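# Chains, contacts and geometry: an overview
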Amino acid sequence: SQQGEEDPQALSIQEGENATMNCSYKTSINNLQWYRQNSGRGLVHLILIRSNEREKHSGRLRVTLDTSKKSSSLLITASRAADTASYFCATDGAQGGSEKLVFGKGTKLTVNP
Amino acid sequence: DTAVSQTPKYLVTQMGNDKSIKCEQNLGHDTMYWYKQDSKKFLKIMFSYNNKELIINETVPNRFSPKSPDKAHLNLHINSLELGDSAVYFCASSQANSYSPLHFGNGTRLTVT
């Protein structure tokens, strides 16, 4: 299957530090997306990176994609307590289509004030 | 003016009962989904509908039956509930193209006793 695997499973840092989460997947993709899930809430889309892109930025978020290694990383700079959440990567497969988006198991990030 | 809303938020019921979860989106999206998130936070797609037509039906017991009366609504009916059905069920929607992110509801926590 093309399921993504996030690493680490859990990460605890102090406010102001950077947080890096990694995602590996198994098959070719069209795009990779990152989502955040706050406790008791639905997932919220953060950023999408296409297979022909290597890096993308959005505010304090930086996503990289290495299709040769089938991996992606999400970097959150200058973390805040409000960044505490679970972060998931999702891949769509080379055939494309959000209909078949497959999520990893997530990284639980705790940012301590 | 919630974009994707699902009801109820919590559902506690006994084994063998039949229950329904409702979902509505006001984003004008063509595609709607049901995902199941287990106790380990693993998110797995169950169904996907595009313009009221079923396009994905993953390996889900036929006790689960989705119904889409129009493209803004996708309800989930579950017959003969079992203990293993306890999970959080998320409704989501998106435009039907490869680069469209998913918009999630806040989930329905189903507890079967």
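Here is a short report on the structure shown in this document. As the structure is a prediction and not an experimental result, all values here were calculated from the model.

### Some words on the sheet that holds strand E6 (residues 55-58) of chain A
All names here are of chain A. With antiparallel pairing, 5 strands are arranged side by side in an open sheet as E1-E3-E8-E7-E6. Pairing within the sheet leaves two strands with one partner each, and these edge strands are strand E1 (5-7) and E6. Mean inter-strand twist for the sheet, computed between neighbouring axes without regard to direction, equals 20°. Pairing between E1 and strand E3 (residues 19-24): 3 bridges, direction antiparallel. Across the sheet, the residue bridging to Asp7 is Asn22, located in E3.

### A look at the layout of surface pockets
Counted as a void, the largest pocket has a volume near 400 Å³. Every residue lining the largest pocket is counted, 20 residues in all, and those nearest its centre are Ser86(A), Lys105(A), Thr107(A), Lys108(A) and Lys41(B). For the lining of the largest pocket, the elements supplying multiple residues, two or more each, are E1, strand E9 (85-91) and strand E11 (107-112) of chain A. Of all the elements, E11(A) adds the most residues to the lining of the largest pocket, at 4 residues. Class assignment of the residues belonging to the lining of the largest pocket gives a composition of 4 nonpolar, 9 polar and 7 charged. Taken as a whole, the second largest pocket encloses approximately 260 Å³ of empty space. Around the second largest pocket, the lining is made up of 19 residues, and of these Gln37(B), Lys41(B), Ala87(B), Val88(B) and Arg109(B) lie nearest the centre.

### Some thoughts on the nonpolar core
By size, the foremost hydrophobic cluster in this structure holds 21 residues, and its most contacted members are Leu32(A), Trp34(A), Leu74(A), Ile76(A), Tyr87(A) and Leu109(A). Of all the secondary-structure elements, those providing two or more residues to this core are E3, strand E4 (31-37), strand E5 (43-50), strand E7 (61-66), strand E8 (71-76), E9 and E11 of chain A. Those residues within four positions of Leu109(A) in sequence are excluded, and the remaining contacts are Leu11(A), Ile13(A), Ala19(A), Met21(A), Ile76(A), Asp83(A), Thr84(A), Ala85(A) and Tyr87(A). Within the second largest apolar cluster, 20 residues are counted, among which are Met32(B), Trp34(B), Tyr49(B) and Ile78(B).

### So, the state of the cysteines
Scanning all chains against the criterion turns up 2 disulfides over all chains. Shown here is the disulfide that connects Cys23(A) with Cys89(A), its sulfur atoms set 2.0 Å apart. In this structure, the disulfide formed by Cys23(A) and Cys89(A) twists by about 65° around the S-S bond and is classed as right-handed. In this pair, Cys23(A) is assigned in strand E3 and Cys89(A) in strand E9, connecting sequence segments 66 residues apart. The pair Cys23(A) / Cys89(A) is uniform in exposure class, with both members buried. Linked covalently through their sulfurs, Cys23(B) and Cys91(B) form a disulfide whose S-S length is 1.8 Å.

### Some words on the interface of chain B and chain A
Where interface size is given, it is often the accessible area lost as the parts come together that is meant. Across the contact, 26 residues belong to chain B and 23 residues belong to chain A. A combined buried area of about 1900 Å² lies between chain B and chain A, and 52% of that area is made up of carbon and sulfur atoms. Summed over the shared surface of chain B and chain A, the result is 0 salt bridges. Counting across the chain B and chain A interface gives 6 residue pairs in polar contact (both at pLDDT 80 or more). Of all the elements in the fold, those that place two or more residues in the side of chain B that touches chain A are strand E4 (31-37), strand E5 (43-50), strand E6 (53-57) and strand E9 (87-94) of chain B. At 4 residues, the largest contribution of residues to the side of chain B that touches chain A is made by E4(B). In terms of residue class, the side of chain B that touches chain A is made up of 13 nonpolar, 9 polar and 4 charged.

Rules used in this analysis
Residues numbered from 1 in each chain as written. Chains lettered and ligands numbered in written order. Predicted model: local features only at pLDDT ≥ 70, side-chain atom pairs only at ≥ 80, totals over all residues. Heavy atoms only, no water. Pairing = 2+ DSSP bridges. Helix = DSSP H or I, 4+ residues; strand = E, 2+ residues; numbered from the N terminus. Axes fitted to C-alpha atoms, helices over the stretch in contact; angles between N-to-C directions. 1 Å grid on protein atoms, 1.4 Å probe; cavity = no way out; pocket = protein on both sides within 12 Å on 5 of 7 lines; lining within 4 Å. Points joined across faces, edges and corners; volume = space filled by probe spheres on them. Nonpolar A, V, L, I, M, F, W, Y, C, P; charged D, E, K, R; others polar. Core = buried A, V, L, I, M, F, W, Y, C linked by side-chain atoms within 4.5 Å. Buried < 20%, exposed > 50% of the residue type's maximum accessible area, 1.4 Å probe, protein only. Contact = heavy atoms within 4.5 Å. Disulfide = S-S within 2.5 Å. Buried area = accessible area lost by both parts, 1.4 Å probe. Salt bridge = Lys/Arg side-chain N within 4 Å of Asp/Glu carboxyl O. Polar contact = N/O pair within 3.5 Å; in protein donor to acceptor, adjacent residues only side chain to side chain.

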